[in-house]
Amino acid sequence: RTMSDTPALHDTVGDAQQPTKPATEAAQLLEQVLQQTGSTTTRAAMEWAESNVEKVRSLLPEQQQASAERFVRVAGRYMSGDEELQRCTPRSLVQCILDAAALGFALDGRLVYAVRYKSEAVCQFDYKALLAYAKRQRIILDAWARLVVKSDLLELREVDGLNTYDYTPDQD
């Protein structure tokens, strides 16, 4: 086998700067994949996040700092899969990543969302994320919800700073 028969990324006999056909095809394939997985906007935001993963890590709660790279990847998948976010500025997408990291939640469309308003993405937290954050920070001890209809009996009391309630559902 001669050197010319061996596939290589660069022609070692000729100019080292000239990519061979396989290298050119690989670059074109990579560009096609990038175009399919998100716009230039989301790619720019993700490139910033990936190159500044230490900044993201510093915002995450201590127990989540080891998974900063995963946090960035999850945000990238979420943003590249949402056509509305493709029309947002890269700066606003990066801000969403940083806002989510600051509270320790993944930007994944479950508890935290990036929502487009005109050309800006805004980070919005689901109420369950806000409750989880408040419990984690010991701002509240607990929160609960109960469906009460007009015919139910509900009595709320606060005695010495302690909230209690009596609830009797309508049996009819």
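For helix H2 (residues 40-51), which comprises 12 residues, the first-to-last C-alpha distance of 16 Å matches the rise-based estimate of 16 Å (1.5 Å per residue) to within 8%. Along H2, the positions that sit buried rather than exposed are Thr 41, Thr 42, Arg 43, Ala 45, Met 46 and Ala 49.

This paragraph deals with the pairing of strand S2 (residues 120-125). Here strand S1 (residues 112-117) pairs with S2 via 6 bridges, running antiparallel. Opposite Val 112, over in S2, you have Phe 125 as the bridge partner. Here S1 folds back onto S2, and the loop between the two strands holds 2 residues, one of which, Lys 118, carries a positive phi near 60°.

The N-to-C vectors of helix H4 (residues 68-80) and helix H5 (residues 90-103) enclose an angle of 135°; their axes lie 11 Å apart at closest approach. As summarised for this structure, H4 and H5 are arranged oblique, according to the angle between their axes. For the crossing formed where H4 meets H5, the hand is right-handed. For the pair H4 and H5, the contacting residues are Phe 71, Ala 75 and Met 79 in the first and Leu 93, Ile 97, Ala 100 and Ala 101 in the second. In terms of residue class, the contact of H4 with H5 is built from 7 nonpolar, no polar and no charged.

The next subject is H4. With 13 residues, H4 extends 18 Å from end C-alpha to end C-alpha; this agrees with the ideal 18 Å at 1.5 Å per step. Those residues of H4 lying buried are Ala 68, Phe 71, Val 72, Val 74, Ala 75, Gly 76, Tyr 78 and Met 79. Looking at the buried positions of H4, the neighbouring elements they touch are H2, helix H3 (53-59), H5 and S1.

It is at 10 Å that the axes of H2 and H4 come closest, and there the two elements cross at 175°. With respect to H4, the element H2 is oriented roughly antiparallel. Contact residues: Thr 42, Ala 45, Met 46, Ala 49 and Glu 50 in H2; Val 72, Ala 75, Gly 76, Met 79 and Ser 80 in H4. Grouping the amino acids of the contact of H2 with H4 by side-chain chemistry returns 6 nonpolar, 3 polar and 1 charged.

A cluster of nonpolar side chains, namely Trp 144, Val 148, Leu 154 and Leu 156, defines an oily patch on the protein surface of about 400 Å² accessible area. Leu 154 gets classed as partly exposed once you look at its relative accessible area, which sits at 36%.

Across all of its chains, the model carries 1 aromatic pair by this definition. Above the plane of the ring of Phe 105 lies Arg 136, whose end atom (NZ or CZ) is 4.7 Å from the centre.

This part is about the confidence of the model for the protein. When pLDDT is averaged along the protein, the result is 82, and 77% of the positions lie at 70 or above. Note on residues 1-16: pLDDT is under 50 here. Beyond four places in sequence and across chains, it has 16 contacts.

Another aspect to go through is the pattern of salt bridges. In the structure shown here, the tally under the stated rule is 9 salt bridges. Of the charged contacts, one joins Arg 110 and Asp 108 as a salt bridge, the two residues approaching to 3.9 Å between their closest N and O atoms. Owing to a relative accessible area of 24%, Asp 108 belongs among the partly exposed residues under this scheme. Across the pair Glu 155 and Arg 157 runs a salt bridge whose closest N-O atoms are separated by 3.1 Å. Classification of Glu 155 by relative accessible area gives partly exposed; the value is 42%. Residue classification places Arg 157 among the partly exposed residues on the basis of a relative accessible area of 31%.

Scoring rules and cut-offs
- Residues numbered from 1 in each chain as written.
- Predicted model: local features only at pLDDT ≥ 70, side-chain atom pairs only at ≥ 80, totals over all residues.
- Heavy atoms only, no water.
- Helix = DSSP H or I, 4+ residues; strand = E, 2+ residues; numbered from the N terminus.
- Expected span 1.5 Å × (residues − 1).
- Buried < 20%, exposed > 50% of the residue type's maximum accessible area, 1.4 Å probe, protein only.
- Pairing = 2+ DSSP bridges.
- Axes fitted to C-alpha atoms, helices over the stretch in contact; angles between N-to-C directions.
- Parallel < 35°, antiparallel > 145°, perpendicular 65-115°, else oblique.
- Left-handed = near helix turned anticlockwise from the far one by under 90°.
- Contact = heavy atoms within 4.5 Å.
- Nonpolar A, V, L, I, M, F, W, Y, C, P; charged D, E, K, R; others polar.
- Patch = residues over 30% accessible without salt bridge, like charges linked within 9 Å, V, L, I, M, F, W, Y side chains within 5 Å.
- Areas by Shrake-Rupley, 256 points an atom, 1.4 Å probe, with all protein chains shown as cover.
- Salt bridge = Lys/Arg side-chain N within 4 Å of Asp/Glu carboxyl O.
- Phe/Tyr/Trp six-rings, centres within 6.5 Å; stacked < 30°, edge-to-face > 60°.
- Lys NZ or Arg CZ within 6 Å of the ring centre and 35° of its normal.
- pLDDT = per-residue confidence, 0-100.

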